[in-house]
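# Secondary and tertiary structure notes
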Amino acid sequence: AAYHPTLGDPRVGAAISIAGPTSLFKESFFSKKSVPFLMLAGDADVIVPYEIHALPVLDVIADSRLITLHEGSHTGFSGGVRYFRALPNPDLLGCYAVTGNIEEGEQDEWAGLLGPENIGLDYDAETGLCENSDYPKTMNVLRQQMLSKVVVAAFFQSVFEPEESKRQAAADYLRKVAPEELGDLSFE
């Protein structure tokens, strides 16, 4: 919605990806429009691996920020997962649901759905989707969801708050205060 040349919406003034799969988007996909962008991701994400999808964002998307939830999972961002908070890593269930519902070769059928490769897409990009069979221990999903709400609210306030001093305070909160006070997240 923020960057697509034909499916995008020009009213979008800022974008957040919460543990989104970004490896198939090349730098050229993001180069035609600049909006403040935040990637919120967990470094223990087994479904959409942090190293493949979150870390590269800073080099690929102009005006981007990365908030990392240390020991954050992918499934921990979803609503109904609170019932699985006792699991050491809820991505075990997430990977079972994702890979159990994708037939052999079905992923190839997704190629082309977002448009042709010449708009900056790489349908052959590595995804790492549930490839790591090591499920590291993750933070409590209720904490992960609370942190996510705080981060999303502060980011949008840092962009859309009419008063400059409040926009700056929200940006400073994300950049400095939250990492110091909360301890289990970092800002880049």
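Let us look at the structure shown here. (Residues numbered from 1 in each chain as written. Predicted model: local features only at pLDDT ≥ 70, side-chain atom pairs only at ≥ 80, totals over all residues. Heavy atoms only, no water.)

### Re the sheet that holds strand β2 (residues 37-42)
Within the open sheet, the 4 strands sit side by side as β1-β2-β3-β4. Their pairing is mixed. Pairing within the sheet leaves two strands with one partner each, and these edge strands are β1 (15-18) and β4 (185-187). When the angles between neighbouring strand axes are averaged without regard to direction, this sheet yields 15°. When β2 meets strand β3 (residues 64-69), the two strands line up parallel, connected through 6 bridges. Within β3, the position partnered with L38 by the bridge is R65. Across the sheet, helix α5 (residues 141-160) is in contact with β1, β2, β3 and β4; its angle to β2 comes to roughly 170°. (Pairing = 2+ DSSP bridges. Helix = DSSP H or I, 4+ residues; strand = E, 2+ residues; numbered from the N terminus. Axes fitted to C-alpha atoms, helices over the stretch in contact; angles between N-to-C directions. Contact = heavy atoms within 4.5 Å.)

### Structural notes on the pairing of β2
Along β2, 6 of the 6 residues are buried, which leaves the element largely enclosed by surrounding structure. Pairing of β1 with β2, which is carried by 4 bridges, proceeds in the parallel orientation. Bridge pairing in β2 places S17 opposite M39. (Buried < 20%, exposed > 50% of the residue type's maximum accessible area, 1.4 Å probe, protein only.)

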